[in-house]
Amino acid sequence: MKIKVLEKNETNIRLIIRGVDIPLMNALRRIGLAEVPSMAIDEVVMIENSSILQDEIISHRLGLNPLKTDLDGYNLPEDCSCQSEFGCNLCRVTLTLDAEAKEGTRTVYSGELISENPNIVPVSDKVPILKLAKGQKLKLEAYARLGKGKNHAKWQPVSVCAYKYFPKIEVPSKSCEDCTKCVDICPKKVLTMKENKIDVRDLLACNLCMDCVEACPQKPPAIKVEWEKNAYVMNIESTGALPPERILQEATKILDKQLKEFEEQLKVKEQ
Ligand code: SF4
Ligand code: SF4
Ligand SMILES: [Zn+2]
């Protein structure tokens, strides 16, 4: 397997991956979405709520707020040694909120949540939770836990985890009449006219829609669009809970563990 990093920042990573088959790529994609744990608020104790929103709606909104996650410092509740319904310091983080509209109507933002662990805080402090009218109050205690996207989307560490085939475009100059129909129809502006010839401007933008092939008046079409075997462009966009490269690393560890378990179970069956 060969990996080339095309771009990487705090929340996004774009890679070219070569030398693997589709089932492996799909397993990594699905594990990234459904199995890599992240932190999210799972329970809320409402101490005072005189806003017009019901407790359940506020709790739901709090749950969907992405939280920065420390995978090395916390256990999944089901794996934690405490095995307690209420959790312990190794599987639960408490966040509190105490807001009041003293002057007039105001918005309560995620940044007002105070966490007992400064590493487990909302990814953005500008997410609106609710509005309070003058005199209204909201006071609560929220408990965040690690969880998996397969149980609830709030635990999904990614907003995008996808791959596409690596495109291959050829325009043989013999049969092409340079009519530019393929350039005009391309929704991704992949093609351009350069020195009176069709040229590929941005190959990786191609989504293999085949519009250019269908638009070509030549029979057979002068433009040829294919994909490279066992080569992909993968894009992982984190919610901010974990760095995107960590999500991929965790996905490979989880896949490895699952395959070992599968192997063990096969051995048991054979005996
Ligand atoms: S296949 Fe679609 S995206 Fe790719 S070059 Fe042709 S028209 Fe553009
Ligand atoms: S549509 Fe076909 S003939 Fe026209 S420029 Fe494109 S490849 Fe050439
Ligand atoms: Zn615990």
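Each remark here, short or long, concerns the structure printed above.
Keep in mind the model is a prediction, meaning the values are calculated, not measured.

1. Details of the pattern of salt bridges
Alright, step 1. Across all of its chains, the model carries 18 salt bridges by this definition.
Alright, step 2. As a salt-bridge pair, Arg246 and Asp72 come within 3.0 Å of each other at their nearest N and O atoms. Placement of Arg246 in helix H5 (residues 244–270) and of Asp72 in the loop between helix H2 (55–63) and strand S4 (93–100) is noted, with a sequence separation of 174 residues between them.
Alright, step 3. A residue is classified by how much of its surface remains accessible, and Asp72, at 65% relative accessible area, is exposed.
Alright, step 4. With a closest N to O distance of 3.4 Å, Asp178 and Lys197 form a salt bridge. Linking Asp178 in the loop between strand S9 (158–170) and helix H3 (181–185) with Lys197 in strand S11 (residues 197–200), this pair joins segments that are 19 residues apart in sequence.
Alright, step 5. Residue Lys197 is classed as partly exposed on the basis of its relative accessible area of 40%.

2. Side note on the side chain of Thr107
Alright, step 1. Among the structural elements, Thr107 can be located in strand S5 (residues 106–109).
Alright, step 2. Beyond its immediate sequence surroundings of up to four residues, Thr107 is in contact with Glu112, Pro128, Leu130 and Lys131.

3. Details of the site of ligand 2
Alright, step 1. In the vicinity of ligand 2, 13 residues are found, and the nearest of them are Cys176, Cys179, Thr180, Cys182 and Cys216.
Alright, step 2. Taken together, the residues of the shell around ligand 2 break down into eight nonpolar, two polar and three charged.

4. Description of the site of ligand 1
Alright, step 1. In the vicinity of ligand 1, the contacting residues are Ile169, Cys186, Pro187, Val190, Cys206, Asn207, Leu208, Cys209, Met210, Asp211, Cys212 and Val225.
Alright, step 2. Counted by class, the shell around ligand 1 contains 10 nonpolar, one polar and one charged residues.

5. Description of the environment of Glu56
Alright, step 1. Here Glu56 lies in helix H2.
Alright, step 2. Here the alpha-carbon distance between Glu56 and Glu43, two residues 13 residues apart in the chain, equals 10 Å.

6. A few points about the coordination of the zinc ion (ligand 3)
Alright, step 1. Around the zinc ion (ligand 3), the protein contributes the donor atoms Cys80 (SG), Cys82 (SG), Cys88 (SG) and Cys91 (SG), at 2.2 to 2.4 Å from the metal centre.
Alright, step 2. Of note is the zinc ion (ligand 3), whose four donor atoms meet at the metal with angles of 101 to 114° in an arrangement that counts as tetrahedral.
Alright, step 3. The motif formed by the donor residues of the zinc ion (ligand 3), counted along the single chain, is C-x1-C-x5-C-x2-C.
Alright, step 4. Taking relative accessible area as the criterion, Cys88 reaches 22% and is therefore assigned partly exposed.

7. As for the packing of aromatic side chains
Ring pairs (aromatic) are described by centroid distance and by the angle formed between their planes.
Alright, step 1. Taken as a whole and assessed by the stated rule, the structure comprises three aromatic pairs.
Alright, step 2. Where Tyr165 meets Trp227, the ring centres are 5.5 Å apart and the plane angle is 20°; that geometry is what we call stacked. Pair noted here: Tyr165 is in strand S9 and Trp227 is in strand S12 (residues 224–238), with a separation of 62 residues, a long-range link.
Alright, step 3. The class for Tyr165 is partly exposed, based on a relative accessible area of 29%.
Alright, step 4. Taking the centre distance of 6.1 Å and the plane angle of 40° together, the rings of Tyr165 and Tyr232 count as tilted. Taken together, the residues span a long stretch of sequence, with Tyr165 in strand S9 and Tyr232 in strand S12 at a distance of 67 residues.
Alright, step 5. Each residue in the set Tyr163, Tyr165, Trp227 and Tyr232 is aromatic and connected to the rest through ring pairs, giving one cluster.
Alright, step 6. Directly above the ring of Trp155 sits Lys154, whose terminal nitrogen or CZ lies 4.7 Å from the centroid.

8. Brief notes about the layout of surface pockets
Alright, step 1. In this structure, the largest pocket spans a volume of roughly 460 Å³.
Alright, step 2. A per-element tally of the lining of the largest pocket places H5 first, with seven residues.
Alright, step 3. Of the residues contributing to the lining of the largest pocket, the split by class is six nonpolar, one polar and 11 charged.
Alright, step 4. There is about 170 Å³ of room inside the second largest pocket.
Alright, step 5. Around the second largest pocket, the lining residues are Glu10, Thr11, Lys68, Thr69, Val123, Gly240, Ala241, Leu242 and Pro243.
Alright, step 6. By residue class, the composition of the lining of the second largest pocket is four nonpolar, three polar and two charged.

Calculation notes
- Residues numbered from 1 in each chain as written.
- Chains lettered and ligands numbered in written order.
- Predicted model: local features only at pLDDT ≥ 70, side-chain atom pairs only at ≥ 80, totals over all residues.
- Heavy atoms only, no water.
- Salt bridge = Lys/Arg side-chain N within 4 Å of Asp/Glu carboxyl O.
- Helix = DSSP H or I, 4+ residues; strand = E, 2+ residues; numbered from the N terminus.
- Buried < 20%, exposed > 50% of the residue type's maximum accessible area, 1.4 Å probe, protein only.
- Contact = heavy atoms within 4.5 Å.
- Near = heavy atom within 4 Å.
- Nonpolar A, V, L, I, M, F, W, Y, C, P; charged D, E, K, R; others polar.
- Donors = N, O, S within 2.8 Å, 3.2 Å for Na, K, Ca; no water.
- Tetrahedral: all angles 85-135°; square planar, octahedral: opposite > 155°, others 65-115°.
- Phe/Tyr/Trp six-rings, centres within 6.5 Å; stacked < 30°, edge-to-face > 60°.
- Lys NZ or Arg CZ within 6 Å of the ring centre and 35° of its normal.
- 1 Å grid on protein atoms, 1.4 Å probe; cavity = no way out; pocket = protein on both sides within 12 Å on 5 of 7 lines; lining within 4 Å.
- Points joined across faces, edges and corners; volume = space filled by probe spheres on them.

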